[in-house]
Amino acid sequence: MPAASPNLRAELNGAEKEGPEHDARIFGEVTDLFLSNVDRLGESQIAAVDGVLAHLIERVDAKTVVQLSEALSTIDRAPRQTIRKLAFHENHLLAAPVLRCSNCLSEADLLEIVKSRSQQHLLAISDRKILNEALTDALMRFGDVHVSNALARNAGARFSECGYATLVGRAERDEVLAEKLGLRLDIPGSLLRELLGKVADVVRARFLTASRPVARKKTQGSAGAAGQGDAARKAIDYSQAQSEVVALNRTGKLNDLIVNRFAVRGEYTHVVAALALKADVKIEAIEPLLEPDRVYGLIVACKAALLSWSTTTMIVRNRPNCPPSTDRELEQCVAIYESLLLSVAQWTIRFGSDRILGKKSEPVAAVAAAGRR
């Protein structure tokens, strides 16, 4: 640290006499010195900084302290006493940055804050990248509906069986929570089945036909490849597959075995055409369901098309350009397939079809509107 720093403690001793401007100056100097030299400081120097900052937190304006909280929140060598004082501060604006991001807080610290501080504090903790089961259990016990929703959308939050059951129970009265919960990748099949039975038809249809936040494998040039894949899929000509599928259907031969054979052979133009015909929706609504993030919608389409689970599994497992399904994903797919009545599946896929086709028409409508200006 610069040579001026040894004088800081002496100045601090007279801070109460010097007044707020003096406090703010010392606070700013120490903050700047620490942030500029953090990688070169020894433990004793960090401890000296810690003593100054922790002492002055209550004596400078809140805006300045928020800036400190934001700056320290991502530093692993941040002064611990200062971090704890910020985290436990009654003003949630000062506490929120370190509660969301700091690795310097222990699980015990976070649990104590959950039990003793405001809902805004709990909401900040709910946004942490990683939350274990003990923390999510505590957050749901002491948190309100906003905390539950934040946890449900946090992919890094892990839930105990009891925690998940609590969320499913709350989702019955909260449509937003139900949709977020239904899209989680780690929800057990048994609880997904329970959720499907609790929520309204429209809510169920929304999350079953929505895209899910599936983690895709990162490869060199993956963004460009994905874009090219989308363009290629949109350009597929289904006319021949449609003609063949219609002919098979007219003679009563478009059965489960035939569709299974299409999937095994990788003839997915025929799979799409068959699903569209048997579920009574347009091909443009079925085609996106072959994407990795639309597997729920694909299951619904298969159920609506009167396909067996064996054939449905074959379609899911052989989708082109899709990574293998995990055991958890297959467990979730089974829960959906077995939980939906045929009539519900047929209504759901038509509801989803309207949404998918509506979204596809939005860019076209926007271009047409721009052309009229």
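Residues numbered from 1 in each chain as written. Predicted model: local features only at pLDDT ≥ 70, side-chain atom pairs only at ≥ 80, totals over all residues. Heavy atoms only, no water.

Asker: Can you explain unusual backbone geometry? Please cite residues and give values.
Answerer: Phi is positive for aspartate 280, close to 65 degrees, though the residue is something other than glycine. Note on placement: aspartate 280 falls in the loop between helix H19 (268–279) and helix H20 (283–286). With phi around 60 degrees, asparagine 321 is a residue other than glycine that occupies positive phi space. Secondary-structure assignment places asparagine 321 in the loop between helix H22 (309–317) and helix H23 (327–339). (Helix = DSSP H or I, 4+ residues; strand = E, 2+ residues; numbered from the N terminus.)

Asker: Explain the packing of helix H12 (residues 161–171) against helix H13 (residues 175–182) to me, and be specific about the residues and the numbers.
Answerer: Angle between the axes and distance between the axes are the two parameters that describe a pair of packed helices. Contact pair H12 / H13: the axes reach a minimum separation of 8 Å and the direction vectors enclose 135 degrees. The angle between the axes of H12 and H13 places the two elements in the oblique class. Seen from H12, the contacting residues are Tyr164, Leu167, Val168, Arg170 and Ala171; seen from H13, they are Glu175, Leu177, Ala178 and Leu181. (Axes fitted to C-alpha atoms, helices over the stretch in contact; angles between N-to-C directions. Parallel < 35°, antiparallel > 145°, perpendicular 65-115°, else oblique. Contact = heavy atoms within 4.5 Å.)

Asker: Which residues make up empty space enclosed by the protein, and what values do they have?
Answerer: For the structure on display, the rule yields one cavity of 30 Å³ or more. In this structure, the largest cavity spans a volume of roughly 30 Å³. Every residue lining the largest cavity is listed: Thr209, Val281, Ala285, Ile286, Leu289, Ile349, Gly352, Ser353 and Ile356. At the level of secondary structure, the elements contributing two or more residues to the lining of the largest cavity comprise H20 and helix H24 (342–372). Looking at which element gives the most residues to the lining of the largest cavity, the answer is H24, with four residues. (1 Å grid on protein atoms, 1.4 Å probe; cavity = no way out; pocket = protein on both sides within 12 Å on 5 of 7 lines; lining within 4 Å. Points joined across faces, edges and corners; volume = space filled by probe spheres on them.)

Asker: Outline the pattern of salt bridges, listing residues and values.
Answerer: Here the structure, examined in full by the defined rule, presents 16 salt bridges. Close ionic contact of glutamate 29 with arginine 25 constitutes a salt bridge, the shortest N to O distance being 3.0 Å. Taken together, the positions of glutamate 29 and arginine 25, both in helix H3 (residues 20–37) and four residues apart, correspond to about one turn of that helix. Classification of glutamate 29 as partly exposed rests on a relative accessible area of 30%. (Salt bridge = Lys/Arg side-chain N within 4 Å of Asp/Glu carboxyl O. Buried < 20%, exposed > 50% of the residue type's maximum accessible area, 1.4 Å probe, protein only.)

Asker: So what's going on with the packing of aromatic side chains? Which residues, and what values?
Answerer: Between two aromatic rings, the relevant description is the distance of the centres plus the angle of the planes. Applying the stated rule across the entire model yields three aromatic pairs. Here phenylalanine 159 and tyrosine 164 contribute two aromatic rings whose centre-to-centre distance is 5.0 Å and whose plane-to-plane angle is 50 degrees, an arrangement assigned as tilted. When sorted by exposure, phenylalanine 159 lands in the same class as tyrosine 164, which is buried. Ring centres 5.4 Å apart and planes at 25 degrees place the aromatic pair tryptophan 347 and phenylalanine 351 in the stacked group. In this pair, tryptophan 347 and phenylalanine 351 both sit in helix H24, four residues apart, roughly one turn of the helix. (Phe/Tyr/Trp six-rings, centres within 6.5 Å; stacked < 30°, edge-to-face > 60°.)

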